[in-house]
Amino acid sequence: MEVTIKSTKILLIQSDITLEETDAIVNAANTSLRGGGGVDGAIHRAGGPEILEECIAKYPQGCKTGEAKVTHGGLLKAMWVIHTPGPIWRGGDQNESELLKNSYRNSFQQAEFAGATSISYPSISTGIYGFPIQKAAPIAIDTVLDCLPSNSIREVHFVLFSKRDLTIYTEILTQVLDSSLE
Ligand code: ADP
């Protein structure tokens, strides 16, 4: 699915985020910024050891949940990786939604500061961290749309790993567009 909103193209695709050719890709990291499993592991494997070296050198304290830190993309096609630890799902009453929102918004802002014209997001927190994707998808989409219009970002990709996740995102984006027309 592809739509243009306030001069920025929004694409929902099923793919591996390490193959993205956008200026920036977002990494669903953990607070240590020392690599991990899931999409984090895939990004460090594909991008090579430079990314971890830069994380260690620049961010010895790691990164707080919901904040975002930038490194270069190493061997990736993307110029920058925006590392953001999303919240671990603990039942929904531990500020998880607000923290997830922060991850999307702070990643967007860091990409803008870096000068990116395009950014790709994975589905933050909905893997190992257990955030239900039905609740996470509207937060992801609403938060990014709230960041528009952007001075620099002309393209946003939501890169979903599974067909099921892509279907959920497509339904949510369709609902958001329908309700904005009402
Ligand atoms: P978290 O710890 O934030 O939950 P995960 O990496 O476990 O992060 O999962 C986040 C989402 O990323 C999940 O939907 C998972 O299927 C997906 N994912 C895993 N590997 C990739 C990849 N290479 N490209 C895109 N998405 C991926």
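For the structure, check the block above.
A few points on the structure. The structure displayed is predicted, hence computed values, not measured ones.

Considering helix H4 (residues 133-146)
So, point 1. Between the first and last C-alpha of H4 there are 19 Å, a value that for 14 residues agrees with the 20 Å anticipated at 1.5 Å per step.
So, point 2. Where H4 is buried, its residues meet strand S1 (2-5), strand S2 (8-14), helix H3 (96-114), strand S6 (118-121), strand S7 (155-160) and helix H5 (163-181).

Things to note about the site of the ligand
So, point 1. As a matter of local geometry, the ligand sits amid 15 residues, with Ile17, Val39, Ser125, Gly127 and Ile128 nearest to it.
So, point 2. At a separation of 2.9 Å, an oxygen atom of the ligand approaches a polar backbone atom of serine 125.
So, point 3. Between threonine 126 and the ligand, the recorded distance is 3.5 Å, taken from a side-chain N or O atom to an oxygen atom.
So, point 4. Contact with the protein chains removes 90% of the 560 Å² of surface that the ligand exposes when unbound.
So, point 5. In terms of residues, the shell around the ligand owes the most to one element, helix H1 (residues 38-47), which gives three residues.
So, point 6. For the shell around the ligand, the per-class residue count stands at seven nonpolar, six polar and two charged.

Quick look at the packing of aromatic side chains
To describe a pair of aromatic rings, you give the distance between the ring centres and the angle between the ring planes.
So, point 1. By the definition in use, this model includes four aromatic pairs.
So, point 2. With a centroid separation of 5.6 Å and 45° between ring planes, the pair formed by phenylalanine 158 and tyrosine 169 is classed as tilted. Here tyrosine 169 lies in helix H5 and phenylalanine 158 lies in strand S7, a separation of eleven residues in the sequence.
So, point 3. Judged by its relative accessible area of 0%, tyrosine 169 falls in the buried class.
So, point 4. By the ring-pair criterion, three or more aromatic residues cluster together here, those being Tyr104, Tyr121, Phe158 and Tyr169.

So, the pairing of S1
So, point 1. Here S1 shows one buried face, formed by Val3 and Ile5, and one open face, formed by Glu2 and Thr4.
So, point 2. Here S1 folds back onto S2, and the loop between the two strands holds two residues, one of which, lysine 6, carries a positive phi near 45°.

Quick notes on the sheet that holds S1
So, point 1. Taken in spatial order, the seven strands line up as S1-S2-S7-S6-S3-S5-S4 in an open sheet, and their pairing is mixed. What marks the edges here is a single partner per strand, and that holds for S1 and strand S4 (69-72). The sheet shows a mean angle of 25° between the axes of neighbouring strands, taken without regard to direction.
So, point 2. Examined bridge by bridge, S1 and S2 share four bridges and lie antiparallel to one another. Looking at the pairing, threonine 4 lines up with lysine 9 of S2.
So, point 3. Along the sheet, H1 makes contact with strand S3 (24-29) and strand S5 (80-85), crossing S3 at roughly 130°.
So, point 4. Where H4 meets the sheet, it contacts S1, S2, S6 and S7, and its direction lies at approximately 170° from that of S7.

What counts, and at which threshold
- Here, residues in each chain are numbered from 1, in the same order as that chain's written sequence.
- Only residues with pLDDT of 70 or above have their local features reported here, since the model is predicted, and side-chain atom pairs are shown and tallied only from 80 upward, although totals for entire chains, interfaces and linings are computed over all residues.
- The side-chain numbers reported here are obtained from all heavy atoms of the structure, hydrogens and water having been left aside.
- Going along the chain from the N terminus, every DSSP run of H or I of four or more residues is numbered as a helix, and every run of E of two or more is numbered as a strand.
- A helix is expected to reach a length of 1.5 Å times the quantity of its residues less one.
- Pairs of residues are marked as contacts when any of their non-hydrogen atoms sit within 4.5 Å.
- Proximity criterion: a residue is near a molecule or strand once any of its heavy atoms comes within 4 Å of it.
- Under the rule applied, a polar contact is a pair of N or O atoms within 3.5 Å (in protein, one hydrogen donor and one hydrogen acceptor; residues adjacent in sequence only if both atoms are side-chain atoms).
- For the accessible areas, the method is Shrake-Rupley and the probe is 1.4 Å, while residue cover comes only from the protein chains on display.
- In this classification, Asp, Glu, Lys and Arg are treated as charged, Ala, Val, Leu, Ile, Met, Phe, Trp, Tyr, Cys and Pro as nonpolar, and every other residue, Gly included, as polar.
- A pair of Phe, Tyr and Trp rings is counted when the ring centres sit within 6.5 Å of each other, with Trp represented by its six-membered ring. The angle between the planes then sorts it: under 30 degrees is stacked, over 60 is edge-to-face, the rest tilted.
- The rule is simple: take the accessible area with a 1.4 Å probe, protein chains only, and divide by the maximum for that residue type; under 20% is buried, over 50% is exposed, in between is partly exposed.
- DSSP-based pairing: two strands are paired if at least 2 bridges between them are found.
- For helices, the fitted line uses only the C-alpha atoms of the stretch in contact; every axis is such a line through C-alpha atoms, and the angle between N-to-C directions lies from 0 to 180 degrees.

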